[in-house]
Amino acid sequence: MAVPGAASSLEVSVKRIDLEGWSRRDQYRYFSKMQCPYCSVTCEIDVSAARSFMKDSGIPSYVGMIYLVTKAANSVPELRLRIEGEAVYDHDVVHPSFTILSDGGQLYFCRTRYTDDPGAFIKHTREVMAQTKSAGECPLDSTGQDVLYLSCLPWVHFTSVSHPMNLNSPDAIPRIVWGRFEAKENKTVMAVNLQVHHGLADGLHISQFMQALGESCAAPDAGFAGLARSF
């Protein structure tokens with residue numbers, strides 16, 4: 001599903017990791033032997049500036065956060081690694097697979113393509129969401145490996161999240177979920193949870209994602225760099 005008219009500087013390619021020469025070889029093998037090799041961290045992000053920017057720019061907050069979250073995740077190489085069978089692959093770019101609710105309150109899955117052109121991304125993602133809702137039904141199928149699983153809980157401000165997982169086969173797709181905008185000490189914060197496969201990523205890489213997202217939210221002109229106001 002290509003983004004019409006979107007020119008991205010990210011050239012899509014996939015590279016198989018040489019496990020024997022990989023610096024994470026020992027950590028990968030150690031954690032991969034575990035029945036549940038996942039770790040999860042929740043942080044509060046100050047979204048005061050991003051919220052105001054999205055409102056002033058006419059960007060739906062959910063779509064805007066999908067863009068910023070995906071951008072932050074793509075900036076951390078470890079969050080683009082995936083396990084397929086006995087192999088580990090490095091994707092140049094990964095794309096958001098996210099949840100929406102139908103008008104009847106049913107959970108639907110949407111997938112769009114990431115591009116570093118925020119205007120093209122926002123326009124296309126809104127179209128995909130509308131098409132999915134109008135379809136009347138949505139198969140809850142696997143979306144491939146080059147994705148991030150994203151969701152939002154706009155009704156609550158949470159402190160932790162657990163994710164449904166199939167533990168019978170390797171699953172290294174990061175799960176990211178965020179909560180409602182919450183007023184706190186003269187600012188607006190948002191809870192963000194990231195779950196990763198510990199064989200591929202550590203606390204350092206989770207922290208790098210949170211820092212990148214926090215920086216984009218604190219300086220939304222940079223986070224949404226290249227946005228045309230008339231997108």
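Above this text is the structure in question.
My aim in this report is to walk through the structure given alongside it, one point at a time. (Residues numbered from 1 in each chain as written. Predicted model: local features only at pLDDT ≥ 70, side-chain atom pairs only at ≥ 80, totals over all residues. Heavy atoms only, no water.)

1. Points about the sheet that holds strand β3 (residues 81-84)
Rule in force here: Strands qualify as paired when DSSP identifies two bridges or more between them. Helix and strand assignments come from DSSP, with helices taken as H or I runs of at least 4 residues and strands as E runs of at least 2, each series counted from the N terminus. In this description, a line fitted to the C-alpha atoms serves as the axis of each element, helices being fitted only across the stretch in contact, and the angle between N-to-C directions of two axes falls anywhere from 0 to 180 degrees.
With antiparallel pairing, the three strands of this open sheet are ordered in space as β1-β4-β3. Since the sheet does not close on itself, it has two edges, and those belong to β1 (14-16) and β3, each with one partner. On average, each strand axis in the sheet is tilted by 30 degrees relative to the strand beside it, whichever way the strands run. Strand direction decides the pairing type here: β3 and strand β4 (residues 87-91), joined by four bridges, are antiparallel. Paired with I83 across the bridge in β4 is V88.

2. Brief notes about the layout of surface pockets
Spelled out, the test is: Every definition here rests on a 1 Å grid over the protein atoms only: cavities are sets of points where a 1.4 Å probe fits but cannot get out, pockets are open sets enclosed by protein on both sides within 12 Å along at least five of seven lines, and lining residues have some atom within 4 Å of a point. Grid points are joined across faces, edges and corners, and a volume is the space filled by probe spheres set on the points. The classification used treats Ala, Val, Leu, Ile, Met, Phe, Trp, Tyr, Cys and Pro as nonpolar, Asp, Glu, Lys and Arg as charged, and all other residues, Gly among them, as polar.
The volume enclosed by the largest pocket comes to roughly 860 Å³. In this structure, the largest pocket is lined by 35 residues; those nearest its centre are T99, L107, L150, S151 and C152. Elements with a minimum of two residues in the lining of the largest pocket: α3 (61-74), β5 (95-101), β6 (107-111), α4 (118-134), β7 (147-153) and β8 (175-179). In the lining of the largest pocket, the residues fall into 22 nonpolar, nine polar and four charged. What the second largest pocket holds in volume is close to 280 Å³.

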